[in-house]
Amino acid sequence: EQWPGGRRNDEGEGVGYVLRLPEIGGVTVLTDFGDIDIVGATGTIHAESDFGDIKVNAHDAPSIVVLTDQGDIDVFHIAGPATLETDFGDIRAEHVAGAIEARSDHGDIDLLLTPDNPGPFIAITEFGDVSVLAGRALTGSLDMDTDFGDSRFVGLTDTGRMLRVGGNDEASVRIGEGGHSRARDVLRL
């Protein structure tokens, strides 16, 4: 269905799409211009846009791949792994039950991990902030990195210790299996 209001880009081209997909299998959506909003899909999701925001809210999707050259990515309630990439835009992922790989060249990355998610988790941006919040113990590995921005991790390691990580400008954090950590900037236990 066409996006309500017919949202358009500066050239007057492009149409956004809203897909409401109750009780169907996988879906693939590819567009040059326009926003994509996928709600309710129960199968594997693949969404790509050259210029546009992508939002996915699919409680039972076993996995997703979301790619955009210019646009924000928001994903919620994914049952399996998520691959999220944008060249220019922010990434937000909440309640993803599998591995997360989030990469942005120019934009912030915010991850809210589900309890007991096995990971691994990758959150890398060149220009932007990285924030990871683990609801319970981090059981998998975490690799978060920014060249120009702040990084922040708040959560428990699998050994039960509270771990808070923060840094700025060239911050890099690696937390491996067993709760071992390394950071170039600031590590507070």
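We now turn to the structure provided with this report. Not measured: the values here are computed from a predicted model.

Procedures and definitions
- Residues numbered from 1 in each chain as written.
- Predicted model: local features only at pLDDT ≥ 70, side-chain atom pairs only at ≥ 80, totals over all residues.
- Heavy atoms only, no water.
- Patch = residues over 30% accessible without salt bridge, like charges linked within 9 Å, V, L, I, M, F, W, Y side chains within 5 Å.
- Areas by Shrake-Rupley, 256 points an atom, 1.4 Å probe, with all protein chains shown as cover.
- Salt bridge = Lys/Arg side-chain N within 4 Å of Asp/Glu carboxyl O.
- Lys, Arg positive; Asp, Glu negative; His and termini not counted.
- Charge placed at Lys NZ, Arg CZ, Asp CG, Glu CD.
- Buried < 20%, exposed > 50% of the residue type's maximum accessible area, 1.4 Å probe, protein only.
- Phe/Tyr/Trp six-rings, centres within 6.5 Å; stacked < 30°, edge-to-face > 60°.
- Helix = DSSP H or I, 4+ residues; strand = E, 2+ residues; numbered from the N terminus.
- Core = buried A, V, L, I, M, F, W, Y, C linked by side-chain atoms within 4.5 Å.
- Contact = heavy atoms within 4.5 Å.

### Observations concerning a negative patch on the surface
Then, in step 1: Among the surface-exposed residues, Asp90, Asp110, Asp129 and Asp150 lie close enough to one another that they form a single negatively charged patch.
Then, in step 2: A relative accessible area of 36% places Asp110 in the partly exposed class.

### With respect to the packing of aromatic side chains
Then, in step 1: For the structure on display, the rule yields two aromatic pairs.
Then, in step 2: Arranged with centres 5.3 Å apart and planes meeting at 15°, the rings of Phe33 and Phe51 form a pair that is stacked. Pair noted here: Phe33 is in strand E2 (residues 27-33) and Phe51 is in strand E4 (residues 45-51), with a separation of 18 residues, a long-range link.
Then, in step 3: For Phe33, a relative accessible area of 28% translates into the label partly exposed.
Then, in step 4: The class of Phe51 is partly exposed, set by a relative accessible area of 36%.

### Overview of the nonpolar core
Then, in step 1: Counting 34 residues, the largest nonpolar core has Ile38, Ile45, Val56, Ile64, Val75, Leu84 and Leu111 as its most contacted members.
Then, in step 2: The residues touching Leu84, leaving out its near neighbours within four places in the chain, are Ile64, Val66, Ile73, Val75, Ile91, Ala93, Ile100, Glu101, Ala102 and Arg103.

By themselves, these figures tell us nothing about what the structure is for.
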